[in-house]
Amino acid sequence: MTPLLQLHHLSKSYKKQVAIDDISLALPAGKIIGLLGSNGSGKTTLIKLINGLLQPDKGDVVINGYRPSIETKKIISYLPDTTYLREGMKIKDMLDLFDDFYEDFSREKAENLLKDLHLDDNEMLKNLSKGNKEKVQLVLVMARKAKLYILDEPIGGVDPAARDYILKTIINNYSEDASVIISTHLISDIEPILDEVIFLKEGKIILQGNADDIREEYGKSIDSVFREKYNG
Amino acid sequence: MSWKFDEKSPIYAQIAQHIKMQIISQEIKSGEQLPTVRELAEIAGVNPNTMQRAFSELEREGMVYAQRTSGRFVTDDKELIVQKRNELAELELKNFVDNMTKIGFSIKEILSVLNTYITEEKLG
C-alpha cells in the first residue's frame, strides 16, 4: 500500500534556528495520528511544510503522490492554529465560502455539526466567544470529505463537553482511505482516539509507533511517556 | 459519555476485558449480536482500529465470532463462557488471598473473616 504522506529527509531552519531536522516518515491512510511535542518542538512548522505554506530547505513532502500544490490542497483539510475567520461575516457566509471553494465540502454535514454544537448560522463571527470560533473552524474543516485532515491544536480553547463531541466527530469521520493528523500538547484528552503517535523534540522524531504498543511497552499512558521524554 | 481507561495497560486490552466481563455477567447474552466496530468505537470514544484490535483479541479467545456478512456475535458455546467465568473467579480469589496474606492473615483467619463478612453483609 502506498503511503498517504511521505516525508524524505525534510529540513527547515529559520535563520540559524533549526526547526525541522532531517525528518523522514511514511504515514498510511486510515489512521488517526497524534503529532505530539512541547511548545517550539517543530509541530506547526512541520504542518506548514506539509501544507506548502513553508518551503523546506532540504528534502521532500509527497501527499498521495503529489508535492504540495493545488492538487494537495484539494485533498488536505487543514485547521490552522490561528483564526482566519473574517469578523464581519456570519457563520452562514463561511458555509457559502467553503461550499464555493471546496468540491468535497458537505454543507449538510456542516449544518448538522453546527446544530449539535448549538451554533446558530445567522450569528456574526465577531459575536462568538473564542471557543465558539474554534468550533466553527473545526466544523468547516471536518465537513470536507478530505483524504488528509491536519488539525493544529484543535481542542485547546474549547470546553470539555465540546471536546468530547469534537473527538467523536473525528472518530466518526474516520474512513479507510483518510487519515487525521492531530497536533497537540493536551495528550491525555486525545489519547484514546489515537492509532499512532509521533513525538517531536527539537525538530527530530524521538519516538514513533502504535499508541497501544507504546502503552504496553512502557506500561504507562502516552501522556506519562511524554512527560518522561520531555522532562529528561 | 466515553469510557474511562486506566494508565497501565493498552486500551484495546481494557476494552476486550470490559466486553468479556459483560459476556460473563450476561449483560450481553450468549448468541447476541454485537454493535459494529464503528458504533462501539464512537460509544467508547476510541479509535476504530483500537476497537477492531479488541474484537480480534476476543475472537482469538473464542468469546465472539464474526459472520462474514451479518456482523459479530457472542459465542453460543456456553461451556466456554463458564470456563472463562471460572478463570476470572480464580484470578479474583488469588488476588484476594494474596492481598490478605500480604497484610498478615493466615488462611484460617481469612476463612473466618470472610465467613463473618458474608454473614454480616447478608444480614445487613
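In the block above lies the structure referred to throughout.
Please read these numbers as outputs of a predicted model, since none were measured by experiment. In this numbering scheme, every chain counts its residues from 1 along its sequence in written order. Whichever chain is written first becomes A and whichever ligand is written first becomes 1, with later ones labelled in order. In view of the model being predicted, local features appear only for residues whose pLDDT reaches at least 70, and side-chain atom pairs are presented and counted only at 80 or more, with totals across whole chains, interfaces and linings using the full set of residues. Derived side-chain values reflect all non-hydrogen atoms in the structure, with water molecules and hydrogen atoms excluded from consideration.

### Brief notes about the overall build of chain B
Link 1 in the chain: From N to C terminus, chain B includes five helices and two strands.
Link 2 in the chain: Labels follow the DSSP assignment, with helices taken as runs of H or I lasting at least four residues and strands as runs of E lasting at least two, numbered in each case from the N terminus. Scanning chain B from its N terminus toward the C terminus, one meets helices and strands in the order α-α-α-β-β-α-α.
Link 3 in the chain: A radius of gyration in this sense is built from C-alpha atoms; the matching globule rule multiplies 2.2 Å by the number of residues raised to 0.38. Taking 14 Å as the expected radius of gyration for a compact globule of 124 residues, we find that chain B reaches 18 Å, considerably beyond that expectation.
Link 4 in the chain: On the principal axes, the C-alpha backbone points of chain B span a range of 55 × 35 × 30 Å.
Link 5 in the chain: Throughout, exposure labels follow a simple rule: accessible area from a 1.4 Å probe, protein chains only, divided by the maximum for the residue type, with under 20% read as buried, over 50% as exposed, and the rest as partly exposed. Scored against the burial criterion, the 124 residues of chain B give a buried share of 32%.
Link 6 in the chain: To measure how exposed things are, a 1.4 Å probe is used in the Shrake-Rupley method; for residues, cover is taken only from the protein chains shown. Accessible surface computed for chain B: about 8200 Å², of which carbon and sulfur atoms make up 54%.
Link 7 in the chain: When charges are counted, Lys and Arg are positive and Asp and Glu negative, with His and the chain ends excluded. By convention, the point assigned to a charge is CZ for Arg, NZ for Lys, CD for Glu and CG for Asp. Counting 16 positive and 19 negative side-chain charges, chain B places the averaged centre of each group 3 Å from the other.

### Considerations on the interface of chain A and chain B
Frequently, the measure chosen for interface size is the accessible area removed from exposure when the parts meet.
Link 1 in the chain: Contacts are assigned to residue pairs with any non-hydrogen atoms lying within 4.5 Å of each other. Contacts between chain A and chain B engage 23 residues on the former and 22 residues on the latter.
Link 2 in the chain: Defined here as a combined quantity, buried area equals the accessible surface (1.4 Å probe) lost by two parts on assembly, summed across both. Regarding the contact of chain A and chain B, the summed buried area is about 1800 Å², with carbon and sulfur atoms giving 39% of it.
Link 3 in the chain: Three residues stand out in chain A for area buried against chain B, namely K168(A), D212(A) and R215(A), and they jointly supply 31% of the buried area on that side.
Link 4 in the chain: The working definition used for a salt bridge is a side-chain nitrogen of Lys or Arg within 4 Å of a carboxyl oxygen of Asp or Glu. Run the count over chain A and chain B and you get one salt bridge.
Link 5 in the chain: Where R53(B) meets D213(A), a salt bridge forms, and the shortest distance between an N and an O atom there is 2.7 Å.

### Describing the packing of aromatic side chains
When we look at a pair of aromatic rings, we describe it by the centre distance and by the angle of the planes.
Residues and elements named next belong to chain A.
Link 1 in the chain: Any Phe, Tyr or Trp ring, taking Trp's six-membered ring, that has another such ring centre within 6.5 Å forms a pair; planes under 30 degrees apart are called stacked, those over 60 apart edge-to-face, and the others tilted. A full pass over the atoms with the stated rule returns seven aromatic pairs over all chains.
Link 2 in the chain: Ring centres of F98 and Y102 lie 5.3 Å apart, and the angle between their planes is 45°; on these two criteria the pair is classed as tilted.
Link 3 in the chain: Since its relative accessible area comes to 8%, F98 is described here as buried.
Link 4 in the chain: For Y102, a relative accessible area of 23% translates into the label partly exposed.
Link 5 in the chain: Grouped by ring-pair contacts, the aromatic residues F98, F101, Y102 and F105 constitute a single cluster.
Link 6 in the chain: Between the NZ or CZ atom of R144 and the centre of the ring of Y102, over which it lies, the distance is 3.7 Å.
Link 7 in the chain: Both a distance and an angle decide whether a charge sits over a ring: NZ of Lys or CZ of Arg must be within 6 Å of the ring centre and within 35 degrees of the ring normal. Seen from the ring of Y230, K201 lies directly overhead, with NZ or CZ sitting 5.6 Å from the centre.

### Some details on the sheet that holds strand 1 (residues 5–14) of chain A
Residue and element names in this part refer to chain A.
Link 1 in the chain: Ordered by their spatial adjacency, three strands build an open sheet running 2-1-4, and the pairing between neighbours is antiparallel. Taken across any chain shown, the strands that pair with only one partner, and hence form the sheet edges, are strand 2 (17–27) and strand 4 (58–63). Put simply, the sheet's adjacent strands are angled 20° from each other on average, direction ignored.
Link 2 in the chain: When DSSP finds two or more bridges between a pair of strands, those strands are recorded as paired. Note: strand 1 against strand 4, five bridges, orientation antiparallel. From the neighbouring strand, H8 faces strand 4, where its bridge partner is D60.
Link 3 in the chain: Along the sheet, helix 1 (residues 43–50) contacts strand 1, strand 2 and strand 4; its crossing angle with strand 1, the most-contacted strand, is approximately 120°. Between the N-to-C directions of two axes lies an angle of 0 to 180 degrees, each axis being a line fitted to C-alpha atoms and, for a helix, fitted only over the stretch in contact.

These figures capture arrangement, not role.
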